[in-house]
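# Survey of secondary and tertiary structure
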Amino acid sequence: MKAILWIIRERFVIWRHHPLQVLFLLGVPVLSIVMYLFIYNNSGAANTLTVGIVDRDQSAYSQQFVTNFDKRMTVKK
């Protein structure tokens, strides 16, 4: 326990002499989160999903699936 407290105390001494390290320690994670939210929040591709359906057997079940899929989603053929 003494060793852990010694390490914490030494880190505070180093940070007091080099405050730029504290800025990087706290600033880089916050900056990366802000960049992530900005990039993915403003992209229009997040609301669209491209799905392809290949119906080779033309069975009754596959036709029913395609019909139900057309009713639920906006479909471009």
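Reading guide: rules and limits
- Throughout this document, residue positions are counted from 1 along each chain, in the order its sequence is written.
- With pLDDT at 70 or above as the cut-off, local features in this predicted model cover only qualifying residues; side-chain atom pairs require 80 or more to be listed or tallied, and sums for whole chains, interfaces and linings still use all residues.
- Calculation of side-chain values draws on the structure's entire complement of heavy atoms; hydrogens and water are dropped beforehand.
- Strands here mean DSSP runs of E at least two residues long; helices mean DSSP runs of H or I at least four residues long; both are numbered from the N terminus.
- Burial status follows relative accessibility: with a 1.4 Å probe on protein chains alone, a residue under 20% of its type maximum counts as buried, one over 50% as exposed, and anything between as partly exposed.
- The Shrake-Rupley method, run with a 1.4 Å probe sphere, supplies the accessible areas, and residue values consider only the shown protein chains as cover.
- A residue's pLDDT is the predictor's confidence in that residue, given on a scale from 0 to 100.
- Here a pair means two rings of Phe, Tyr or Trp (six-membered ring of Trp) with centres within 6.5 Å. Their orientation is stacked below 30 degrees between planes, edge-to-face above 60, and tilted elsewhere.
- By convention in these notes, a salt bridge is any Lys or Arg side-chain nitrogen within 4 Å of a carboxyl oxygen on Asp or Glu.

All right, on to the overall build of the chain then. Scanning the chain from N- to C-terminus turns up 3 helices and 0 strands. Within the chain, buried positions represent 3% of all 77 residues. When the accessible surface of the chain is totalled, it reaches about 7,700 Å², and 66% of it is carbon and sulfur.

What follows is about the confidence of the model for the chain. On average, residues of the chain carry a pLDDT of 83, and 88% of them reach 70 or more. Model confidence for the chain, summarised as mean pLDDT per element, is weakest for helix H3 (residues 60–72) at 86 and strongest for helix H1 (residues 2–17) at 88.

Our focus in this paragraph is the packing of aromatic side chains. In total, this model carries 2 aromatic pairs according to the counting rule given. Plain terms: the ring middles of Phe12 and Trp15 are 5.7 Å apart, the flat faces sit at 85 degrees to each other, and that makes the pair edge-to-face. Of this pair, Phe12 and Trp15 both sit in helix H1, separated by 3 residues, roughly a single helical turn.

Think of it this way: side chains of opposite charge can pair up when their charged atoms draw near. For the coordinates displayed, the defined rule picks out 1 salt bridge. With a shortest N-O distance of 3.7 Å, Glu10 and Arg9 are connected by a salt bridge. Note on Glu10: relative accessible area 25%, which makes it partly exposed.

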